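Examination of the molecular architecture
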Amino acid sequence: MGSGATGSGDSGRFLLHELTREESAARAGEVLVVVPVGATEQHGPHLPLGTDFLIVEHVARAAAQSARSGGRLDVVVAPTFPFGSSHHHLPFGGTVSLATERYYGALRDMAASLIRSGFRRIFIVNGHGGNQDLMELVARDLALEHPVNLAAASYWDLAREAVVGSALLNAMLPGHAGVFETSLILALRPELVTQPLPHRDEAELARVAIPHTPFRAERAGFWEDIDGFTDSPDGASAELGQRLLALIVPPVAEAFAVFARLPLVDRHSHATQRQSAHSS
């Protein structure tokens, strides 16, 4: 079997917290460990505070199961980290946030713990936009210090081509508590969605639109100005959510498989070769 393929040490369990320490140690060297990260923050007047981690947990686990099917790949999924870098949502209440440096430190510590436990392939999959930059820095920095492979991506970016190409979504991707996320929660946990869903007419949509620019713009008070949600959530439906999930999971699973096949680089071997070249 190729690198990362399911081996005889695979007990069949794919949730990290359900493994014993012996099972974890036996699989750590070859298995891909997926770390879902989300947030606990306001999602408008209609969605639960746990929207981000509920969605990313489902996507990560479903994609891992898909990638494991037929013995293609050995994958375990770590417990979802339910807190994010969400200070921009604190004015609304109900938000539990880590400051920039603390979120970076917490995620770095979690990934470093996995490395110390013997895991060599770690994929951080994100469900909250505010985490994006920081998780990418964690992946970069730890790969500079340890002989491991790390990846980091938001699930909607992995699935963007499939979602956009389907023309199913006539709204922001991912937006915030808009049609996209509202549809996913209606599909996954409809009992947590407060009705009626907020509506915005065309004039209001134009006023609160987030323009595409070649620069990053941060505007003080922006989230309060748009009442904490984007586009018009009443365009969401459970059916749309199910169809979106069917589009999202396969490319996320494929990303896991592609990353797991990347070889581990033996930096010690390269250093020895360079020393030999210099001495000859």
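Quick caveat: nothing in here was measured; it's all calculated off a predicted structure. (Residues numbered from 1 in each chain as written. Predicted model: local features only at pLDDT ≥ 70, side-chain atom pairs only at ≥ 80, totals over all residues. Heavy atoms only, no water.)

Examining the packing of aromatic side chains
- Taken as a whole and assessed by the stated rule, the structure comprises seven aromatic pairs.
- Measuring from centroid to centroid gives 6.2 Å for Phe-81 and Tyr-103, while their planes differ by 35°, and the two rings are tilted. Remark: Tyr-103 occurs in helix 3 (residues 100-116) and Phe-81 occurs in the loop between strand 2 (75-77) and helix 3; sequence separation between them is 22 residues. Note on accessibility: Phe-81 and Tyr-103 belong to one class, buried. (Phe/Tyr/Trp six-rings, centres within 6.5 Å; stacked < 30°, edge-to-face > 60°. Helix = DSSP H or I, 4+ residues; strand = E, 2+ residues; numbered from the N terminus. Buried < 20%, exposed > 50% of the residue type's maximum accessible area, 1.4 Å probe, protein only.)

Side note on the confidence of the model for the chain
- In the predicted model, the chain carries a mean pLDDT of 92, and the fraction of residues at 70 or more is 91%.
- Within the model, pLDDT remains below 50 along residues 1-10, and this stretch shows 18 contacts once partners closer than five positions in the same chain are excluded. (pLDDT = per-residue confidence, 0-100. Contact = heavy atoms within 4.5 Å.)

Details of the packing of helix 2 (residues 51-68) against helix 10 (residues 238-261)
- Look at helix 2 against helix 10: their axes get within 8 Å of each other, and the N-to-C directions meet at 60°. By the angle between their directions, the pair helix 2 and helix 10 is classed as oblique. Crossing geometry of helix 2 relative to helix 10 is assigned as right-handed. Counted together, His-58, Val-59, Ala-60, Ala-62, Ala-63, Ala-64, Ser-66 and Ala-67 of helix 2 and Leu-245, Ile-248, Val-249, Val-252, Ala-253 and Phe-256 of helix 10 form the full contact between these two elements.
- In terms of residue class, the contact of helix 2 with helix 10 is built from twelve nonpolar, two polar and no charged. (Axes fitted to C-alpha atoms, helices over the stretch in contact; angles between N-to-C directions. Parallel < 35°, antiparallel > 145°, perpendicular 65-115°, else oblique. Left-handed = near helix turned anticlockwise from the far one by under 90°. Nonpolar A, V, L, I, M, F, W, Y, C, P; charged D, E, K, R; others polar.)

Considerations on the pairing of strand 1 (residues 32-37)
- Buried residues dominate strand 1, accounting for six of its six residues.
- Residues of strand 1 alternate between two faces, with Leu-32, Val-34 and Pro-36 on one and Val-33, Val-35 and Val-37 on the opposite face, all of them buried.
- Relative to strand 2, strand 1 is paired through three bridges, and the arrangement is parallel. Along strand 2, the bridge assignment pairs Leu-32 with Val-75.
- Taken together, strand 1, helix 2 and strand 2 form a β-α-β motif whose crossover is right-handed.
- Bridge analysis of strand 1 against strand 3 (residues 121-126) gives six bridges, and the strand direction is parallel. From the neighbouring strand, Val-34 faces strand 3, where its bridge partner is Phe-123. (Pairing = 2+ DSSP bridges. Right-handed = clockwise from strand over helix to strand, strands pointing away.)

A short note on the nonpolar core
- Leu-32, Phe-123, Tyr-155, Phe-180 and Ile-248 are the most contacted members of the largest nonpolar core, which has 49 residues in total.
- Broken down by secondary-structure element, the contributors of at least two residues to this core are strand 1, helix 2, strand 2, strand 3, strand 4 (149-154), helix 5 (155-158), helix 7 (179-188) and helix 10.
- The biggest single contributor to this core is helix 10, with twelve residues.
- Among all residues touching Tyr-155, those that are not within four sequence positions of it are Ile-55, Val-56, Val-59, Val-125, Asn-126, Gly-127, Phe-180, Leu-184, Ile-248 and Val-252.
- Membership of the second largest hydrophobic core comes to 26 residues, among which are Ala-78, Ala-111, Met-135 and Leu-142. (Core = buried A, V, L, I, M, F, W, Y, C linked by side-chain atoms within 4.5 Å.)

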